[in-house]
Structures are given as structure tokens and as C-alpha cells.
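# Report on the structure
Each chain, written out:
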Amino acid sequence: MSTLNAAESRGYRGPLDVTRAATAVLDAHGNVVGWSPTAQSLLGYPPHEVLGHPIGALVADTAGGHRTGADLPGAPFSRRQVLPIRHRDGHTLRVATAVLPLSHTGGGPARLLSLAEADETEEWEALQAMLRGLATQSPVGLAIYDTRLRVVWTNFALLQEMGTTQYEGMGPDDMVTHGEVLSSQYPATLEEMMRHVLATGEPVIELHYRGRPPVDPDHDHVWSCSYYRLQDAGSSSLGVCEETVDITARYLAQQRLDLLVRAGGQMGTTLDMARTAQELSAVIVPQFADAITVDLLEDVLCGDQPAPGSEPTRRVVRVWGGPEQEAQGADEAGPAERIDFPPDSPQARSLVSGRSVLERRVLTHGAAGRPPPSSRLVVPLRAEGATLGVVTFERDSHPDPFDTGELAVADELVARAAMCIDNARRYTREHAAALMLQRSLLPQTLPRLTALEMAYRYLPADSKAGVGGDWFDVIPLPGARVGLVVGDVVGHGLRAAATMGRLRTSVRVLARLDLAPEELLTRLDDMISQNAEEHAAAVFESDNASDYDGFGVTCMYAVYDPVSGFCTMARAGHILPAVVDPATGSVAFPDLPAGPPLGLGGLPFESAELKLPEGSLVALFTDGLVRGRGRDVDAEFDRIRAVLTKHLRPLEELCDEAVGPLLPGSVEDDVALLLVRTRTLDRHQVAAWELEADPEEVARARAMVAGKVGEWGLDDEVVFTTELVVSELVTNAVRYAAGPIQLRIIRDQTLICEVSDNGHTSPHLRHAGSDDEGGRGLFLIAQMTLRWGSRHTLDGKTIWAEQALPQ
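Residues numbered from 1 in each chain as written. Predicted model: local features only at pLDDT ≥ 70, side-chain atom pairs only at ≥ 80, totals over all residues. Heavy atoms only, no water.

Helix and strand counts for the protein come out as 20 helices and 33 strands. For the protein, the proportion of its 807 residues judged to be buried stands at 49%. In the protein, once contacts between residues fewer than 6 apart in sequence are set aside, the share between residues at least 24 apart is 60%. Within the structure as shown, the protein displays about 37,900 Å² of accessible surface, and the carbon and sulfur contribution to it stands at 52%. (Helix = DSSP H or I, 4+ residues; strand = E, 2+ residues; numbered from the N terminus. Buried < 20%, exposed > 50% of the residue type's maximum accessible area, 1.4 Å probe, protein only. Contact = heavy atoms within 4.5 Å. Areas by Shrake-Rupley, 256 points an atom, 1.4 Å probe, with all protein chains shown as cover.)

This is the structure:
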């Protein structure tokens, strides 16, 4: 080592630039082994004249003698005195001296001698006080490494932090025993990092950790260590200084804060209770606990909330827990397990008291070789004063129980999970209510009609999307006709289901008026627009900007007549139906006029009439069957077309095959599918006659009807009633209308009598007075038939009546 390096490698350049003081390094015998440039400047001796000689040779004796180096002060830290020392030019200087040990214990072979002129005593004393403070009073651990990266000096703070009394001569990798560097960008060793500091002069800050996760503040520690190069005025490297601060408490606090922040970002991503429990486990294990279990009250899983302050039932269901489920994950987890906790178990006590329970257990090895938990913490899941369940934290690899800080973190984590689970519970309750409402508003069974063979499927949206507003209906109409309707309310939840119920009821009422499909949609559009105006007025008055679910309603309405075989269809923004030709099996999507969705107004609706041969298959459906996230609409239409080509198969099988691909996954939107296979009435079931507007035609009409009804094998009572009904209807047509009159009777599930004329005045049922000569005809018809009514046509009107047939 060079003279300068030998003298100053044990120097100090850091927060205090002590290289400005004159220094000499002495061995155990008081011989000079290091001489700084400032010492040469103070006393005039170059290094080669003093190195290897006793320092006492420089001390002048007032009696003419000399003092030895052994006589110089050698106190453990620093003992100062003023000595006469000869300058190289012969004059004597009063020099203040102090000795510092180059050892962590205050003794040892090497000593550092500080020199200063006596008239600079104040500055020198201040500097020495700072050095003593660094050694004995600084809360920051300090260590100085030479250029070989061996420890040459440490202060007491470092020794106390590291829990040892010996570091002199150690290398950097020996300083962090049984630990790891948490933040190092140098993947090899700490020594490589320090050599990088020596070579480049770039300071580095690292986190050092001793122990094994999780950090135990009673046994493990985390330090923030900074490293920077020591150099003299000429920028020559003297070594590396290490400053060490124990940040275990701050590190734990930050780790716990990070845990809470991560929990806030990762929990509650869905409205599913089991998924929330799995997300809580993903945040906690293994950093905070080795395993957790989440148990919820059975009522909570159903959407109910226990009354605040009441004692919770012991019937709980485990929605997440155990190492096995940790390995499987939520998607592969089996059915929820019902748990019955003993009354003295910590879980039962936590459920009853609503407070956390900490259980400490002796760590012994079980039969399977796996030690049972050494610490168990049970925290109740509470929301709005009610207990929803419990979360059990278990540690089996950490020897220490949960501390006070961890108890607070566990409470906060469970409180956040409870909020997410309570939100999921509320949604479960709302979803169940909406689903029940939706099911009650949809057809429970389809009517049995001669005109059609029918099958349907309805898939409500899953719990993530919420119940939607899709609906379908089959409505029997006069004249053996049938109305078919499918519709879709945009949105999900209770409001969408309620809107769907109102629309379905409105369609049934309007259909009973025997309106044409395009006129029915027009009336429905007016009703929705009126509701929207009333809602807007209510919002304006109450300043409540709630959403209105009436916008964005699509609907298709069709009327099929089994006598003529014609089907009239109109749609309001709805998806096209599919029609299968019974002869060829080809599938077509007829190009019907596309009206706007209901509630927008402004554009008229148009209808189209299709001739459907007997056996034709018609598929009416909502867009949930063919549209969805990640689904190609054209490919889905091709799939539906492929299913419908098998039209000769039973309709129930076709329905299953059409919705089958949607069943394994989650349904984002409701799916309504209605399949109908058409039938036509036999010509022997229908009889029609043209009549003149002449009162004499009434008798002829009675005779023709009586003959036909008798030909059908019906009894005399039916014949008599039919004659009376036809007599009254034809008489009214002759009296109040002009032009030809058409009489038709249809034998279906009932006996239907229809009289059509070119008049546009609808008849009204009234009670005739005792002195009235007329006005009793419709009253008699209403009393003798099941139902009667009228419908308007393009040419006039039709009055009809239905009679029940004998069993």
C-alpha cells in the first residue's frame, strides 16, 4: 500500500470531512505507520522521515529528553492533551493531540492520532466532539470499509442494531448473516455492489433483511443501508462508508398499508360472495397468514340480512377455506360445505359476540406430519351492526402469534371484505326478487291451440349481468287465430323486469281488441312515449335524475290465421324471425319492414303478410340468442339456421339444441326463444255464406247454420243456441249496415259464429228497458255464449261469438 493510502485508508470522508485534520496512524508500539499530507503540512516532515519511527521522537522534552510513543495517550475513545512537538525546521509547536482507536471495542493494535496547533483548539475540540458523537451518540449505524472492503471502524449504534460486538475485519457479505437484500439491483452479492460504489463513486441505497418472511418485529429486522465512497481532496478512493438505520417498524407499517391498498384494489371486483372470499385469500396468503377460511351464514347466501343485535344462527356455510381450496382456486372449488361449529369454538364465540377471538395453540406435529396452527385469529364479518359470518386466519409456519398491529390490519381487511360481501348479498336479494317477478310475469304454460304446435325456452341473465326484460307470449284471438309476441327491454334488474311486465300486460290487452300488428305497435309506442313524458315531468319536479327503463324497447308481434294460412308480422326495432319451409327445409329470415324501437316515435310501423304452408316452422327470439361479448353474429345466425333445418324433429329437441351452447357459460343477456309449427283447419271445419242485406236472409241463415251444425253431429241445444246467435247477428247487420254480409262458422275447440259487413259502427251491450221494443239481442248473446266481441277490418267490421262445445 502507498504511504498516502497507508495513512489515509483509515481516514474518514463522509458527512464530516475529517481529512482536513492532521492525522497519523500508530501501531501497538507507537510507531508511525500512516502519515497524512496535512500532518506533513503542520510539522514539515515528509512521510519517509517518520514512517517506521516512534511518534515520541517528535515530542520535545522540556528537560532535554524525549518521550516514547508508548507514553502517548491511549484511552478507549479520545483523551486529549497539549504536547510540545518539534517542527522539521527546529522550532517547537504546542500541538493538541487525541487518540482514537481504529477498532469497534475501543482497544486493539491500531490507533489514529489527531494533531492540531494549540491556538486552533476550539475548532479542533468541536471536531473531536463530533467524532465522539459519531462513535457513541449517533442513532445511525456507521461502518467504514477500506479499499479491500474489510471493516476498519464501526460505531456503537451499528453494534447494537446488529446485536454483536465484533465486526472488525469482516467483509460486507458477513455483515448480513442469514438474511437477504430486498431491493438490490446487484443480483450477486453485497460485496459486488460495494465494489461498484468504489469504482464509480455512485451512492447506493439498499434494504437489508435478516430472517425469513413474514417479518417478525421481535426477531427479524429490516435496515435501510446507504453506501458511498470515501475519498480525499484529490478524489483518491479511501474506502466505503455504510450508514444503517433500522426501519423494521416503518417497513411493517408500509407492508400493512400496501396490504390494505392491494385489498382495496383486488376485492369486490364481482358481486359474487365466494369470489370475494377468494379475492380476500389471494391478498392475505401467504404474506399475512398461511391460510384463511371464510364462513357465511346460510341466510346471507340467500340474500337475507340477520337482524342487528340478534344472535346469529350456527348454520353457516364455508364458501372458501383450507389449503386444498387454495390450490384449486375458486373456479374449480366444489359445492359449499355446511359447517356446524361447537359452542365453545372461537368461530361460534365470535359469531355470538361480534368480536375478534385470538387463539394461541402449542405447536405440535399432527398425525399427517403437518403441524396444526400455532396461532388462530377469528374476525367477524359485520355490516350495519349485523354479523354476516367469520373469517379465520391461521398460521402454522410462523412461530409467533398475531401482534396488536396485525390485529388492527385483520380487522380492517375483514371490514372491507364485509362491505363487498354485503353488497353482493344485497344484489343477490335484488336479483332473486327480480327473477321471481320476472318468472311471475312470464307465461307459466302455453295455451293448447289447434292452430299451432309450440315450444319455448327462456334463459335469464346470470347474476353478474342481472335479470333482463325479455319476454314472449302466445295470445288466443277470435276466429281460431293466435297472436305471437317477443320483446326485449334494454337494461337489467327490478325496473327492467317491472317494465317488461307492464308491456306484456299492455300487449295482451291491445291484442284482445283485435288490432292489426302495426296498429298494436303504434298504440304501444304511444303508451311508452306518454310514460316517458310523465317520468320527465316527475324528474323535473323532484330533481331526481333516475334512469327510465322505458326507452330502447324492441318488440315483434305476429297474428296467424289457421283458416287462411296467412301470418301478418310487424316489428319495432326487433331482430328478424326465421321461417322454415316444410317442403324443402330451407331457412329464411324474411325482410320485414324495420320500425324504430318503441318509445322513440315519429315513424309509422308497417306489417308484412306471409303465406305459411301447413307444417311451417317459425322461430321468434330475442337478440340474446345470437349476440354477446366475443360472439360473431353471422356465425350465430348460421348456427340457428343449421338447427332449424332439422325442422322435422320434435320442437322440444330443437329448443334444447338452439340454446345448448349458451348453457355452459354465463348468459350476459336474457334469451327468449319461441318455436311454433303451423297447422291449418280442415275445410270441413269451416263453413261460410254470402248474404244480401235483406231481412228475409235471416231465416235462410238460420236454416243453413242449423244444417251445418247438425252435420257436425252437435246436439239440439247447440243447434238452438247457434240459430239464436246467428239470427241476432245477421239482423243487426241487415239493420245497420249496407252491402253484402258474410256469415262464417268455425268448429274448433269452441263453436265460433262470425258475421262481417261493411259498417264501421261497433255494437255496444246495454240493458233494455221494460217498454223498449229492441236492444236485447247482444244481451242475450252475452248470456248464452262464452264470449263475444268485434274487430275492425279494412272493409268494415266483424262481430263474433263463441260457444262451448259438449265434452
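Of the residues making up helix H17 (residues 651-659), those classed as buried are Leu651, Leu654, Cys655, Ala658 and Val659. Each buried residue of H17 lies within a common arc of 115° when the element is viewed along its axis, so the set occupies one face. Each element contacted by the buried residues of H17 is listed here: strand S18 (452-459), strand S27 (617-621), helix H16 (633-644) and strand S28 (671-678). (Arc of directions from axis to C-beta.)

Two numbers describe a pair of aromatic rings. These are the distance of the centres and the angle of the planes. As enumerated under the stated definition, the model contains 3 aromatic pairs in all. Seen in terms of ring centroids, phenylalanine 589 and phenylalanine 637 are 5.2 Å apart; in terms of plane orientation they differ by 90°. Their pairing is edge-to-face. Taken together, the residues span a long stretch of sequence, with phenylalanine 589 in the loop between strand S24 (587-588) and strand S25 (594-595) and phenylalanine 637 in helix H16 at a distance of 48 residues. By the ring-pair criterion, three or more aromatic residues cluster together here, those being Phe589, Phe621 and Phe637. Above the plane of the ring of phenylalanine 566 lies lysine 611, whose end atom (NZ or CZ) is 4.8 Å from the centre. (Phe/Tyr/Trp six-rings, centres within 6.5 Å; stacked < 30°, edge-to-face > 60°. Lys NZ or Arg CZ within 6 Å of the ring centre and 35° of its normal.)

The next thing to look at is the sheet that holds strand S23 (residues 578-580). On the basis of which strands lie adjacent, the open sheet formed by 5 strands has the order S18-S28-S27-S23-S24 and antiparallel pairing. Edge strands, defined here as strands with exactly one partner in the open sheet, are S18 and S24. As paired strands, S18 and S28 are joined by 8 bridges and run antiparallel to one another. The partner of arginine 457 across the bridge, within S28, is leucine 673. Strands in contact with H16 are S23, S24, S27 and S28; relative to S27, the strand with the most contacts, it is inclined by about 145°. (Pairing = 2+ DSSP bridges. Axes fitted to C-alpha atoms, helices over the stretch in contact; angles between N-to-C directions.)

Proteins that are soluble and globular tend to have nonpolar side chains buried together. Within the largest apolar cluster, 50 residues are counted, with the highest numbers of intra-cluster contacts made by Leu452, Trp471, Val474, Leu484, Leu520, Leu598 and Leu674. Top contributing element to this core by residue count: strand S21 (residues 553-560), with 7 residues. In this view, leucine 674 contacts Leu446, Ala455, Tyr456, Phe472, Asp473, Val474, Leu484, Val618, Ala619 and Leu620; residues no more than four positions away in its chain are not counted. Ile292, Val319, Phe341 and Leu381 belong to the second largest nonpolar core, which has 43 residues in total. (Core = buried A, V, L, I, M, F, W, Y, C linked by side-chain atoms within 4.5 Å.)

Here we take up the sheet that holds strand S32 (residues 787-792). Strand pairing in a sheet takes place through backbone hydrogen bonds and is either antiparallel or parallel in direction. An order of S29-S30-S31-S33-S32 is seen for the 5 strands of this open sheet, with the pairing classed as antiparallel. Strands with a single pairing partner mark the edges of an open sheet, and in this sheet they are strand S29 (686-691) and S32. Strand-to-strand twist of the sheet, defined as the mean angle between neighbouring strand axes without regard to direction, takes the value 15°. Packed onto the sheet, helix H18 (residues 697-711) meets S29, strand S30 (741-747) and strand S31 (750-757) and runs at close to 165° relative to S29.

Turning next to the side chain of aspartate 757. Along the polypeptide, aspartate 757 turns up in strand S31. Among the polar contacts listed, one links the side chain of aspartate 757 to the backbone nitrogen of glycine 759, at a separation of 2.8 Å. (Polar contact = N/O pair within 3.5 Å; in protein donor to acceptor, adjacent residues only side chain to side chain.)

Approximately 1,100 Å³ is the volume attributed to the largest pocket. Lining the largest pocket we find 34 residues, and of these Arg481, Arg791, His792, Thr793 and Leu794 sit closest to its centre. Elements that contribute at least two residues to the lining of the largest pocket include exactly helix H15 (517-542), strand S22 (566-572), strand S26 (607-611), S30, S31, S32 and strand S33 (797-804). The greatest single-element share of the lining of the largest pocket, amounting to 4 residues, is contributed by H15. Here the residues of the lining of the largest pocket sort into 9 nonpolar, 11 polar and 14 charged. (1 Å grid on protein atoms, 1.4 Å probe; cavity = no way out; pocket = protein on both sides within 12 Å on 5 of 7 lines; lining within 4 Å. Points joined across faces, edges and corners; volume = space filled by probe spheres on them. Nonpolar A, V, L, I, M, F, W, Y, C, P; charged D, E, K, R; others polar.)

Quick look at the side chain of histidine 647 now. Within the secondary structure, histidine 647 is located in the loop between H16 and H17. Classification of histidine 647 by relative accessible area gives buried; the value is 7%. Leaving out residues up to four positions away in the same chain, histidine 647 has contacts with Val580, Asp581, Pro582, Gly585, Leu617, Leu654 and Arg677.

Now for the packing of helix H13 (residues 404-441) against helix H14 (residues 494-512). Between H13 and H14, the least distance of the axes is 9 Å, while the angle of their chain directions is 10°. It follows that H13 is roughly parallel to H14 by the angle criterion. In this structure, H13 contributes Glu430, Ala433, Ala434, Leu437, Gln438 and Leu441 to the contact, and H14 contributes Leu494, Ala497, Ala498, Met500, Gly501 and Arg504. Tallied by class, the residues present in the contact of H13 with H14 amount to 8 nonpolar, 2 polar and 2 charged. (Parallel < 35°, antiparallel > 145°, perpendicular 65-115°, else oblique.)

Glancing now at a negative patch on the surface. Side chains of Glu690, Glu692, Asp694 and Glu696 sit close together on the surface and give a patch of like negative charge. The class of glutamate 692 is exposed, set by a relative accessible area of 54%. (Patch = residues over 30% accessible without salt bridge, like charges linked within 9 Å, V, L, I, M, F, W, Y side chains within 5 Å. Salt bridge = Lys/Arg side-chain N within 4 Å of Asp/Glu carboxyl O. Lys, Arg positive; Asp, Glu negative; His and termini not counted. Charge placed at Lys NZ, Arg CZ, Asp CG, Glu CD.)

To continue, consider the environment of cysteine 225. Assignment of secondary structure puts cysteine 225 in strand S10 (residues 221-231). The sequence separation of cysteine 225 and glutamate 243 amounts to 18 residues, and the corresponding C-alpha distance is 5.6 Å.

A residue-level look at the protein finds 75% of positions with pLDDT of 70 or above and a mean pLDDT of 78. Across residues 1-19, where pLDDT falls below 50, the model places 49 contacts with residues more than four positions away in sequence or in other chains. Every residue in residues 768-773 is under pLDDT 50, and counting partners more than four places away or in other chains gives 6 contacts. (pLDDT = per-residue confidence, 0-100.)

A few words now on the environment of serine 506. In this structure, serine 506 sits in helix H14. A residue is classified by how much of its surface remains accessible, and serine 506, at 13% relative accessible area, is buried. Leaving out residues up to four positions away in the same chain, serine 506 has contacts with Leu524 and Met527.

With 6 of its 7 residues buried, strand S5 (residues 111-117) lies for the most part within the structure. Relative to S5, strand S1 (residues 22-26) runs antiparallel, the two sharing 5 bridges. Its bridge partner lying in S5, alanine 24 is registered against leucine 113.

Here we take up the pattern of salt bridges. Where charged atoms from two side chains of opposite charge come close, those side chains can pair. The final tally for this structure, using the stated rule, is 31 salt bridges. Glutamate 394 is paired through a salt bridge with arginine 376; the nearest N and O atoms lie 3.5 Å apart. A residue pair is termed long-range when its members are at least 10 positions apart, and glutamate 394 in strand S17 (residues 386-395) and arginine 376 in strand S16 (residues 375-383) qualify at 18 residues. For arginine 508, the salt bridge is made with aspartate 473, and the minimal N-O distance between the two is 2.7 Å. With a gap of 35 residues between them, arginine 508 in helix H14 and aspartate 473 in strand S19 (residues 468-476) connect regions that are remote in the sequence. On the basis of relative accessibility, which here comes to 26%, the residue arginine 508 falls in the partly exposed class. Put simply, Arg481, Asp514, Arg744, Glu754 and Arg791 are held in one network by salt bridges that share partners.

This paragraph deals with unusual backbone geometry. Phi is positive for alanine 480, close to 65°, though the residue is something other than glycine. Relative to the assigned elements, alanine 480 resides in the loop between S19 and strand S20 (482-492). In this structure alanine 480 comes out as buried when scored by relative accessible area, which is 11%. Although it is not a glycine, aspartate 514 adopts a positive phi angle of roughly 60°.

So, about the environment of leucine 794. With respect to the helices and strands, the residue leucine 794 is situated in the loop between S32 and S33. Along the chain, leucine 794 and alanine 516 lie 278 residues apart, while their C-alpha atoms are 10.0 Å from each other.

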